[in-house]
Amino acid sequence: MEGGNRRDARRSVSSMSATSSSNSITSPNSSGSNAGNVKVVCRIRPHNEIEDRHGGRVCVGLRSDTEIQVVEDGTFTFTFDRIFGPQSTQEECFDVVAAPIVADILEGYNATIFAYGQTSSGKTYTMEGPSITNPETRGIIPRTVSALFDGVLAADSNLEFTVKVSYIEIYMERIRDLLDQFRTKVNLSVREDPRQGIYVAGVTEEYCTCEEELLQVMQDGTVNRATAATGMNEGSSRSHSVFMVTVAQRHLGTSSQKSGKLFLVDLAGSEMVRKTNATGQQLEEAKTINKSLSALGLVINALTDGKATHIPYRDSKLTRVLQDSLGGNAKTALVINCSPSSYNVSETLSTLRFGWRAKSITNKPKINEQRSVDELTALLQKAENAIDMQQNYILALEAQLKGGGAPPEPEATGTASHTDTAATQAKMAALAAELSEEREEVTRRGQEVEKLTILLKEKERLLVEASELMKEAERHCEVHRERVETLEVECSKTRDEFEGASEQFRAEKQKFDFEGQELRVRVETLSRDNERLLAELEEKEALGTERRGPGALLSPLSPAAGDASVEASPNAASPGSQPPADTLPRAESPLSPQVLSEVAERLDLTQEAVAFIQEREALWSAVQARWQDFGATASSPGEYRRILAEIEAQRAKLAQDLQLAAEKNMEL
């Protein structure tokens, strides 16, 4: 079979070489359908504004539903399984490409649908659509999801289904998990397993029970996908995205199992830098995209070349992920998207040639089925019965030959010939080997079940401990909650008290400020009154001095009054003599309350000012009394000066006390 496929591939290459001169290329498998071949569908998008601005014209035409023609510097004709024009709908594309794939998935096959083409050729539109919720414009992926769940609902009631999805993107040759909420899985690895085949290790898997859940998962992953605006497309994909859906089914009666894995791939488009004007990071992304697409082309060339001995799947993460889809255990459908404009004719021809080569790939799909022990036992028993019947027939033939009679006729039940017997024995041996493997698998699963049972018991114990810890934590939480509530009440009470104290403090502060202002006003008033009284007393003293002569006593408010009276006396006494009589002051009576009242009314003095004047009058009367006593007690001019110094000290202390009182009032 493999040799036949290689011969077909060689004939395909020869056919391409032979038809290149006439510019007509026909797919090697277009004449007949082959379930193992890659199905290639071409879709032409409408002419866009960018192509109109660059003078592009329509150079691609549809000759039929399966034949396309490009007229630009020659005529090129290509044949594919189906061709969709610019007016085609999303539903038409789904019915041809994905509807058969959905039926294969439910039968247990692996399948892949991927779109290929240059940037801005309509790949994402075809695969996802402008909106995955709009029933008219949604693409292949949301429609496939809906058809899968419809098929699950219409299946036999004895079948149990589970659907899980994964979503990855290949960005800058790194596999990123688009469903990872923490965005830590940014460089996943591709692994290979005899049972699972090719898979991505560590990828997030979400189980879904309905179409809405699966589409929501898809939307969440699409948000994390890398896109950017280029000169060709405002929302150009900068990575290859792979949406993986695994449908597992189990028969409740026989316990047999099937599983089908569907890969829905949206490839990033190939780019020409002179058209996209990519720079910086976008230029690096374009280089990586073109490199991975070149690796994909090399894999397809190797698969279609009968002389190739090595398939370079490992040259790129993209080809490694699609290894089963290209020549492996999968049914594959390829959608090539093209531009109809002469502005992009070189990219269009490259895409069409890529699809033509991919059409020559032959896959080896098989049902991923795991039969139960009962089914294998029944098949083995059937084979053993057939062998017993054949052995009995052989013995009868040998006995007849020994007796010289005619050989007996085969039984009506349809006894096989010797060749059929050998085939049946080979089949029985294969079934016995399969049964042995299945028994080993059952034993292994039994051991795993025991391990899982032990692990489950351990988990249950841990769960009980965790439940107790949770109850204890809830109790502590309740205690802390009550304490917090108490503290909140106390805090609220303290806050109210603080606010009350703050209000009281503000009121007291305002009161003190007001009283301080009043005191400052009073001090200023007293100072002005004092200055005015000093001036009046000096005038009064001056008038009294003129009446009493030069020996009269000056006001103690004048700092040099005592010294001047002493120095003015020409007959100063010598030591041991009495001071002259004309230097002693004559006693004057203080101002009477009536006079003070008249003065206060005339000068508009306050009560404090009147009390201050009375205090000064009392001090002045005391000074006069001391001057009267001085004549009898003073024995020398030194004593006279000492008494004058004491009077001056008292006067200074009086002024200092007045200043301190004023400063305290200022502070208040």
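Residues numbered from 1 in each chain as written. Predicted model: local features only at pLDDT ≥ 70, side-chain atom pairs only at ≥ 80, totals over all residues. Heavy atoms only, no water.

## Some points on the environment of Leu 596
Quick note on the threshold: Only runs of H or I of at least four residues qualify as helices and only runs of E of at least two qualify as strands under DSSP, and these elements are numbered from the N terminus. Note on classification: 1.4 Å probe, protein chains only; a residue is buried when its accessible area is under 20% of the maximum for its type, exposed when over 50%, partly exposed between these limits.
Mapped onto the secondary structure, Leu 596 falls in helix H15 (residues 593-603). The class of Leu 596 is buried, set by a relative accessible area of 7%. In the structure, Leu 596 is positioned 17 residues away from Ile 613 in sequence and 8.2 Å away in space, judged by C-alpha atoms.

## Focus: the pairing of strand E15 (residues 240-251)
Just so we agree on the cut-off: Note on pairing: two strands pair once DSSP finds at least 2 bridges between them.
The buried fraction of E15 amounts to 9 of the 12 residues, a majority that puts the element mostly inside the structure. Bridging between strand E8 (residues 159-171) and E15 involves 12 bridges; their strand directions are antiparallel. Along E15, the bridge assignment pairs Val 163 with Val 247. Here E15 pairs with strand E16 (residues 257-266) via 10 bridges, running antiparallel. Counted as the bridge partner of Ser 241 is Asp 266 from E16. What sits between E15 and E16 in their antiparallel hairpin is a turn of 5 residues, with Ser 255 showing a positive phi close to 65 degrees.

## Digging into empty space enclosed by the protein
With a probe scaled to a water molecule rolled over the atoms, the places where space remains empty come into view. Defined as follows: Only protein atoms enter the 1 Å grid used here. Points where a 1.4 Å probe fits but cannot escape make up a cavity, open sets with protein on both sides within 12 Å along at least five of seven lines make up a pocket, and a residue lines them when an atom lies within 4 Å of a point. Grid points are joined across faces, edges and corners, and a volume is the space filled by probe spheres set on the points.
Following the criterion strictly, the structure yields 3 cavities of 30 Å³ or more and no others. Looking at which element gives the most residues to the lining of the largest cavity, the answer is helix H9 (residues 281-304), with 4 residues.

## Some details on helix H11 (residues 345-358)
Spelled out, the test is: Each helix should span, by expectation, one fewer than its residue count multiplied by 1.5 Å.
Its 14 residues give H11 an end-to-end C-alpha distance of 20 Å, which sits within 8% of 20 Å, the value for a rise of 1.5 Å per residue. For H11, a buried count of 10 out of 14 residues is recorded, marking the element as mostly surrounded by other parts of the structure. Burial in H11 covers these residues: Val 345, Glu 347, Thr 348, Leu 349, Thr 351, Leu 352, Phe 354, Gly 355, Trp 356 and Ala 358.

## A closer look at the nonpolar core
Formally: Among the buried residues, those of types Ala, Val, Leu, Ile, Met, Phe, Trp, Tyr and Cys that are joined through side-chain atoms within 4.5 Å form a nonpolar core. Whether two residues touch is decided by their heavy atoms; if any such pair falls within 4.5 Å, the residues are in contact.
Grouped together as the largest cluster of nonpolar side chains are 48 residues, with contacts concentrated most on Cys 42, Ile 68, Phe 80, Leu 334 and Leu 352. A per-element tally of this core places H11 first, with 6 residues. Those residues within four positions of Cys 42 in sequence are excluded, and the remaining contacts are Ile 68, Phe 80, Arg 82, Ile 83, Phe 84, Ile 336, Cys 338 and Leu 352.

## Quick word on a negative patch on the surface
The condition is simple: The patches described consist of residues with a relative accessible area above 30% and no salt bridge, like charges being joined within 9 Å and nonpolar side chains (Val, Leu, Ile, Met, Phe, Trp, Tyr) within 5 Å. For every accessible area listed, the method is Shrake-Rupley and the probe measures 1.4 Å; residues are considered covered only by the protein chains on display. What counts as a salt bridge is simple: a side-chain nitrogen of Lys or Arg found within 4 Å of a carboxyl oxygen of Asp or Glu. Counted as positive: Lys and Arg. Counted as negative: Asp and Glu. His and the chain ends are not counted at all. Every charge is mapped to an atom, namely NZ of Lys, CZ of Arg, CG of Asp or CD of Glu.
Negative charge collects at one region of the surface, where Glu 91, Glu 92, Asp 95 and Glu 136 lie side by side. Along the chain, Glu 92 turns up in helix H3 (residues 90-97). By relative accessible area, which is 39% here, Glu 92 ends up partly exposed.

## Looking at the confidence of the model for the protein chain
Put simply, the rule is: As a per-residue measure, pLDDT tells how confident the predictor is, with possible values from 0 to 100.
Scored by pLDDT, the protein chain comes out at a mean of 77, with 75% of its residues at no less than 70. Throughout residues 410-416 the model reports pLDDT below 50, and contacts reaching past four residues in sequence, or to other chains, amount to 10 contacts. Every residue in residues 550-588 scores below 50 in pLDDT, and together they form 65 contacts with partners more than four places removed in sequence or on other chains.

## What about the packing of H9 against H11?
Rules: Axis geometry follows a simple rule: fit a line to the C-alpha atoms, using only the stretch in contact for helices, then measure angles between N-to-C directions, giving values from 0 to 180 degrees. Relative orientations are named as follows: roughly parallel for angles under 35 degrees, roughly antiparallel for angles over 145 degrees, roughly perpendicular for angles from 65 to 115 degrees, and oblique for any other angle. By definition, turning the near helix anticlockwise from the far helix through less than a right angle yields a left-handed crossing, and turning it clockwise yields a right-handed one. All amino acids are sorted into three groups, where Ala, Val, Leu, Ile, Met, Phe, Trp, Tyr, Cys and Pro are nonpolar, Asp, Glu, Lys and Arg are charged, and the leftover types, Gly among them, are polar.
At a minimum axis distance of 9 Å, the contact between H9 and H11 shows a crossing angle of 40 degrees. By the angle class used here, H9 and H11 are oblique. Crossing angle aside, the handedness with which H9 passes H11 is left-handed. Counting all contacts with H9, which are made through Leu 296, Gly 297, Ile 300, Asn 301 and Thr 304, the residues of H11 involved are Phe 354, Arg 357 and Ala 358. Of the residues contributing to the contact of H9 with H11, the split by class is 4 nonpolar, 3 polar and 1 charged.

## Section: the side chain of Thr 112
Heads up, the condition is: Pairs of N or O atoms within 3.5 Å make up the polar contacts considered here, provided that, within protein, one atom can donate a hydrogen while the other can accept it, and that residues adjacent in sequence are counted only when both atoms are side-chain atoms.
You can see Thr 112 is positioned in strand E7 (residues 111-117). At a separation of 2.4 Å, a polar atom in the side chain of Thr 112 contacts the side chain of Ser 325. If sequence neighbours within four positions are ignored, Thr 112 has contacts with Leu 262, Phe 263, Val 265, Leu 322, Ser 325, Ala 330, Lys 331, Thr 332 and Ala 333.

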